[in-house]
Amino acid sequence: MYVTQVKLNDFRNYTDKTFAFSQGLNVIAGPNAAGKTNLLESVYMCGLGTSPRVARDKDVIKWGEKGAYIHLELQTRFRAHTVDMYIDGREKKRVAIDGIPITRLAQLIGTLGIVFFSPDELKLVKDAPVERRRFMDVSLSQQSSKYLFALSRYNAVLLRRNKLLKTMLPGDNLKNSLQVWDMQLSQEGARVIKARYEFARELKKFAAQKHGILSGGKENLSVEYESDAPDGAEGQIAEVLSQKLFMSYEKDCSLQYTTVGPHKDDIKISLDGVDVRKFGSQGQQRTAALSLKLAEISLFKDNMGEEPVLLLDDVLSELDEDRRKTLLQETSSFQTIITCTEYNEGVTPSNIIKIG
C-alpha cells in the first residue's frame with residue numbers, strides 16, 4: 001500500500017499544490033514553518049478522517065478561505081483508489097472514495113492504512129491510559145470493520161448510561177433502568193476486550209523484536225493488556241463485565257459515570273520487568289514508543305497482507321545516529337514519508353520533496 005499523489009487546495013499554507021510520492025522512503029525536507037507537517041497531516045486525514053494536530057476540522061482551512069480540499073491517490077496490492085475530502089468553515093466534511101460520496105466517516109477507515117509517529121507520540125508511553133487505548137483503537141479499527149462497529153456501539157451505549165447517571169435525582173433507583181444498558185454494554189464491551197487481548201498478544205511478539213533491534217538487544221520489552229475482565233471466551237468476558245457493572249452500581253451512582261469497562265483499560269509496557277510508563281527514562285520511553293509503532297506495522301501486514309503507510313514527523317532529530325540508521329533500514333521495504341529540516345542519512349531516499 002502506498003500513496004502516489006496528493007493535491008491540496010487552500011489547505012493550511014497551500015493554495016494549490018500537487019505532490020508526487022514513490023514507494024519506499026519519501027523525504028519532505030525544508031526549513032521550519034514551511035509546511036512539511038501540513039503535507040503529512042493531509043495524508044493522515046485521508047486515512048483516518050481527522051487531524052492528528054487539531055480537534056476542529058476548520059482549523060486546516062487556509063486563512064481567509066471558505067474551505068479546504070484534499071485529493072489523494074493510492075495504490076494497494078489489489079487496485080488503485082482515490083480519496084477526496086472537502087472541509088468547510090461550518091465544520092462540515094464531505095468525503096468520497098473512488099468518486100462515490102460516503103455517508104459515515106467509518107466507511108473511510110481502512111481504505112488507506114496509516115501509522116503515525118512524531119516526537120509528541122512519546123505520550124503513548126508516558127501519559128494517561130487514554131493514549132494507549134487510542135493507539136489500540138486506531139490500529140484495530142483500520143484492520144477490522146467488525147472492531148470499529150463494536151467500539152462505536154459500545155461508546156454509544158456508554159454515553160447513554162453515563163447520561164442516565166448524570167440526570168438521576170436523590171433517592172432515584174436506577175437499577176432497573178441501568179440493567180437495560182448494562183446488558184448491551186457487557187456484550188459490546190466483551191467484543192472490544194477480546195479483540196484487544198488478541199491484539200496485545202501479537203503486538204507483544206513484534207514489539208519485543210523491534211525493541212531488540214533498536215536497543216541492540218540491551219533491554220527486553222514486554223506488553224500486556226490490563227482489563228477489568230480476564231482473557232477468555234467472549235461470553236465469559238461479557239459475564240464478568242455484567243457482574244462488575246452490577247457490583248459498581250453504588251459507586252457509579254455516586255460518581256455519575258461508569259467506572260468499569262474497556263474505556264478504563266490500559267496497556268502495561270515493561271523493560272526488563274520495570275514499568276516504563278512510570279519509571280523509564282525519556283530515552284527508554286521514546287524507544288519503547290517507536291518499537292510499538294514499528295510492531296503495529298508488522299501486525300498490520302500479518303492481518304492485511306500489506307504494510308500501511310508510515311508517517312514520521314521530525315523524528316530523526318530525536319534519535320541518536322545508530323537508532324536513526326536502524327529505523328531507516330527497518331522501514332526501507334514499504335512506503336515511509338518522513339519530514340526533516342535537512343536529510344543527510346546513509347539511506348538513499350526514493351523520492352525527495354523540497355519545501356520552502
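Structure: above.
Keep in mind the model is a prediction, meaning the values are calculated, not measured.

Conventions adopted
- Residues numbered from 1 in each chain as written.
- Predicted model: local features only at pLDDT ≥ 70, side-chain atom pairs only at ≥ 80, totals over all residues.
- Heavy atoms only, no water.
- Buried < 20%, exposed > 50% of the residue type's maximum accessible area, 1.4 Å probe, protein only.
- Helix = DSSP H or I, 4+ residues; strand = E, 2+ residues; numbered from the N terminus.
- Contact = heavy atoms within 4.5 Å.
- Polar contact = N/O pair within 3.5 Å; in protein donor to acceptor, adjacent residues only side chain to side chain.
- Salt bridge = Lys/Arg side-chain N within 4 Å of Asp/Glu carboxyl O.
- Pairing = 2+ DSSP bridges.
- Axes fitted to C-alpha atoms, helices over the stretch in contact; angles between N-to-C directions.

Draft legend 1. Structural view of helix α10 (residues 321–330). Every buried residue of α10 is listed here: R324, T326, L327 and L328. Buried residues in α10 make contact with β3 (25–29), α5 (175–214), α9 (282–304) and β12 (309–313). One side-chain oxygen at the N-terminal end of α10 lies 3.2 Å from the backbone nitrogen of D322; it belongs to D320.

Draft legend 2. The pattern of salt bridges, seen in detail. Inspection of every chain in the model, using the stated rule, returns 26 salt bridges. Close ionic contact of K123 with D120 constitutes a salt bridge, the shortest N to O distance being 3.3 Å. A relative accessible area of 21% places K123 in the partly exposed class. According to the relative accessible area criterion, D120 is partly exposed, its value standing at 48%. Taking the shortest distance from any N to any O, the salt bridge between D266 and R132 comes out at 2.6 Å. With D266 in strand β10 (residues 266–271) and R132 in helix α3 (residues 129–143), this residue pair connects regions lying 134 residues apart in the sequence. Grouping residues by exposure puts D266 and R132 together as buried. Taken together, the salt bridges that share partners define one network made up of R132, E226, D266, D275 and R277.

Draft legend 3. A look at the sheet that holds β10. An order of β9-β10-β11 is seen for the three strands of this open sheet, with the pairing classed as antiparallel. At either margin of the open sheet sits one strand with a lone partner, and together these are β9 (221–226) and β11 (274–275). Relative to β10, β9 is paired through six bridges, and the arrangement is antiparallel. Paired with Y225 across the two strands is I267, which belongs to β10. Docked against the sheet, α3 engages β9 and β10, running at close to 100° with respect to β10. Contacting β9 and β10, α5 crosses the sheet at an angle of about 170° to β9.

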